[in-house]
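# Close look at the chain arrangement
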Amino acid sequence: MNVLVLVGSLRAGSTNRQLADAAVAHLPEGTSATVFEQLADLAHYSEELDHDDALPQVARDLREAVADHDAVLLVTPEYNGSLPSALKNAVDWVSRPRGASSIAGKPAAVIGASGSPRAAQWAREDGVKVLKVAGAEVIEDTVGVGSAFQAFEEGRLSDGELDAALGDLVGRLATQVRRARTAA
Ligand SMILES: Cc1cc2nc3c(=O)[nH]c(=O)nc-3n(C[C@H](O)[C@H](O)[C@H](O)COP(=O)(O)O)c2cc1C
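Below or above, wherever it landed, is the structure these notes cover. In this text the structure is predicted, and so the values were computed from the model without any measurement.

### Let's talk about the packing of aromatic side chains
- With the rule as written, the count across this model stands at 1 aromatic pair.
- When the ring of Tyr45 is compared with that of Trp93, the centres are 4.6 Å apart and the planes differ by 65 degrees; the resulting orientation is edge-to-face. On the criterion of sequence distance, the pair formed by Tyr45 in the loop between β2 (32-35) and α2 (57-68) and Trp93 in helix α3 (residues 85-94) is long-range, its members being 48 residues apart.
- For Tyr45, a relative accessible area of 24% gives the class partly exposed.
- Overall, the relative accessible area of 0% leaves Trp93 in the buried class.
- Its guanidinium or amino end placed over the ring of Trp122, Arg118 lies 4.2 Å from that ring's centre, counting from NZ or CZ.

### Some words on the site of the ligand
- As a matter of local geometry, the ligand sits amid 14 residues, with Ser9, Arg11, Ser14, Thr15 and Asn16 nearest to it.
- In the complex, 70% of the free accessible area of the ligand, which totals 620 Å², lies under the protein chains.
- In terms of residue class, the shell around the ligand is built from 3 nonpolar, 9 polar and 2 charged.

### Some thoughts on the pattern of salt bridges
- Scanning all chains against the criterion turns up 8 salt bridges.
- Close ionic contact of Arg17 with Glu37 constitutes a salt bridge, the shortest N to O distance being 2.7 Å. Here Arg17, found in helix α1 (residues 15-24), pairs with Glu37, found in the loop between β2 and α2; they are 20 residues apart in sequence, far enough to count as distant.
- Relative accessible area serves as the criterion here: at 52%, Glu37 is assigned to the exposed category.

What counts, and at which threshold
- Residues numbered from 1 in each chain as written.
- Predicted model: local features only at pLDDT ≥ 70, side-chain atom pairs only at ≥ 80, totals over all residues.
- Heavy atoms only, no water.
- Phe/Tyr/Trp six-rings, centres within 6.5 Å; stacked < 30°, edge-to-face > 60°.
- Helix = DSSP H or I, 4+ residues; strand = E, 2+ residues; numbered from the N terminus.
- Buried < 20%, exposed > 50% of the residue type's maximum accessible area, 1.4 Å probe, protein only.
- Lys NZ or Arg CZ within 6 Å of the ring centre and 35° of its normal.
- Near = heavy atom within 4 Å.
- Areas by Shrake-Rupley, 256 points an atom, 1.4 Å probe, with all protein chains shown as cover.
- Nonpolar A, V, L, I, M, F, W, Y, C, P; charged D, E, K, R; others polar.
- Salt bridge = Lys/Arg side-chain N within 4 Å of Asp/Glu carboxyl O.

Right under this line is the structure:
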């Protein structure tokens, strides 16, 4: 099993990147994870670009990456009460072509970290919503880390209960992939 990780913060030292690493550490043995590193270079979605002869290479890479992975983990900060545009743009690209999108039926989960105690709740909710509308099989429960600048010690969440919740969510994602494979 392999998981594609989409991290919505593009900055070095991102707490969401640390959260992504903490989640990946919980993946079952034999599971690999890849962070899609080109989100900053992904063009804004445009239907004019969404043709074989005009498709930007990064959009093609993203679609192929989603298709080649068993599950997607969306890791989101909260920008003005919602997802950062980099993540929404990524979901928009993989939601097309209509009827043949790489995200359709893909198991997915959403986690997020923000500097405020609200733990990116609105962004997580919006992440679930847009993935669902795009056709992914999203786990409704999410895990959020509040006061994120104080939440990590040596790459791990210092709150053991929160770390356990993260492990539980990642385990559920792995189970969902196994079920989808059995059903196929
Ligand atoms: C444009 C912008 C808007 C933000 N809006 C919110 C917000 O609505 N709610 C919130 O809790 N934090 C907000 N923040 C603060 C982020 O939670 C904080 O920068 C967070 O750590 C970003 O994640 P990162 O550490 O992974 O970069 C905002 C930050 C930026 C840059």
